[in-house]
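Each chain, letter by letter, is given below.
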Amino acid sequence: MWNNTVVLFRLQISIMTDKDNTQHTIIFCFGIVLLCLCIHIIGWVKHDVLVFPNVISIIKSFFSLLGQRRTYVLIGTTCIHLILAVFFATLIGLALGLAEGFSKTVHTLFEPCMILFRSMPMIVLAVIIMVITHYSWVPVIAATVVLIPLISEASCAGVQSIDKDLVDVYKLNTSFNLHILMSVYIPRMSGYLKQAFAGAIGMGIKIIVSAEYLVQTKNSLGKAVFTSSYFNEYQEIYAYALIIIILVLIIEKLPLLVYRIIDTFSEKKTAFRK
């Protein structure tokens, strides 16, 4: 009897979730149509087809770019920059966040730096980095600098949210070490880090493309946008923007999909043991 009730309850939740997902997809599609309509109306009001091309030409340019091998080379270059920036920002931000979470003195000491990194205009940051390093590293370093505060604040908040009794228990048996970090702190910081990474992906790729545009990084999406604007190919600019949006959505959803697969595998493994 109890098993049947549980099955029915899970079935009802699954049906409700499917309905919510369907409704979300429909509304999202209407949002895309609304956005296209806005671009079309602006072009009609301004009487400037060059700067505001019609939606049909943008879609044609979009699929034309997807059919070219060069487009995937550009995407690959920008993705490599993003991966490197997130990797370095995670290493530095996690270390700083842990130190700030353990010590208020360290938190206060680095607070001016975090404010500076978080609020510095992108153009100023890019120019400074261009002076002190090679142009090819500007997109990675710029994105890393901006993302460090995001990761460190999430790490610091995660450390501060851990139950003090739990900390006192492990301190009775051992001092802080790598095993304690991985088994006690990281699992309880995961919620904060997930939110930080979700924001870091979108912010990071925007910073990287902007930096690529400024320094003319070879074989990158930023360079491609600059070339299109130089030759007044505005339909290509909108098409590249669409590619970047889809790329961000895919990258943001990929970690969530991995988390779900891991959670499902863990549940099945636990059920099998029982």
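Residues numbered from 1 in each chain as written. Predicted model: local features only at pLDDT ≥ 70, side-chain atom pairs only at ≥ 80, totals over all residues. Heavy atoms only, no water.

A. Examining the overall build of the protein more closely. A count of helical and extended segments in the protein gives ten helices and zero strands. Ordering the α and β elements of the protein from the N terminus gives α-α-α-α-α-α-α-α-α-α. In the protein, which comprises 274 residues, the proportion classed as buried is 31%. Partitioning the intrachain contacts of the protein with sequence separation of at least 6 by distance along the chain shows that 73% fall at a separation of at least 24. Of the roughly 17,800 Å² of accessible surface on the protein, a fraction of 70% belongs to carbon and sulfur atoms. (Helix = DSSP H or I, 4+ residues; strand = E, 2+ residues; numbered from the N terminus. Buried < 20%, exposed > 50% of the residue type's maximum accessible area, 1.4 Å probe, protein only. Contact = heavy atoms within 4.5 Å. Areas by Shrake-Rupley, 256 points an atom, 1.4 Å probe, with all protein chains shown as cover.)

B. Seen up close, the nonpolar core. Core analysis: the biggest nonpolar cluster contains 40 residues, and Leu221, Tyr240 and Leu247 have the highest contact counts within it. Counting residues per element, the ones that place at least two in this core are helix H2 (55-66), helix H3 (69-102), helix H5 (122-132), helix H6 (138-161), helix H8 (178-215), helix H9 (221-230) and helix H10 (234-273). Setting aside its immediate chain neighbours within four residues, Leu247 contacts Ile75, Cys79, Ile205 and Leu221. If you look at the next biggest cluster of nonpolar residues, it comprises nine residues, including Leu98, Ala154, Val159 and Ile162. (Core = buried A, V, L, I, M, F, W, Y, C linked by side-chain atoms within 4.5 Å.)

C. Inspection of a nonpolar patch on the surface at higher detail. On the surface, Ile123, Val124, Val127, Ile128, Val131, Ile132, Tyr213 and Leu214 cluster together to form a nonpolar patch covering roughly 720 Å² of accessible area. With six residues, the single largest contributor to the nonpolar patch is H5. Here Val124 shows up in helix H5. Residue class for Val124 comes out partly exposed when judged on its relative accessible area of 38%. (Patch = residues over 30% accessible without salt bridge, like charges linked within 9 Å, V, L, I, M, F, W, Y side chains within 5 Å. Salt bridge = Lys/Arg side-chain N within 4 Å of Asp/Glu carboxyl O.)

D. Representation of unusual backbone geometry. The residue Gln216 is not glycine, and still its phi comes out positive at about 60°. Residue position: Gln216 is located in the loop between H8 and H9.

E. Up close: the pattern of salt bridges. Evaluated as defined, the whole model comprises one salt bridge. With a closest N to O distance of 2.4 Å, Arg118 and Glu153 form a salt bridge. Here Glu153 lies in helix H6 and Arg118 lies in helix H4 (residues 104-119), a separation of 35 residues in the sequence.

F. Geometry of the environment of Ile208. With respect to the helices and strands, Ile208 occurs in helix H8. A residue is classified by how much of its surface remains accessible, and Ile208, at 0% relative accessible area, is buried. Counting along the chain gives 126 residues from Ile208 to Leu82, while the straight-line C-alpha distance between them is 7.0 Å. When neighbours within four sequence positions are excluded, Ile208 is seen to be in contact with Thr78, His81, Leu82, Ala85, Pro139 and Ala143.

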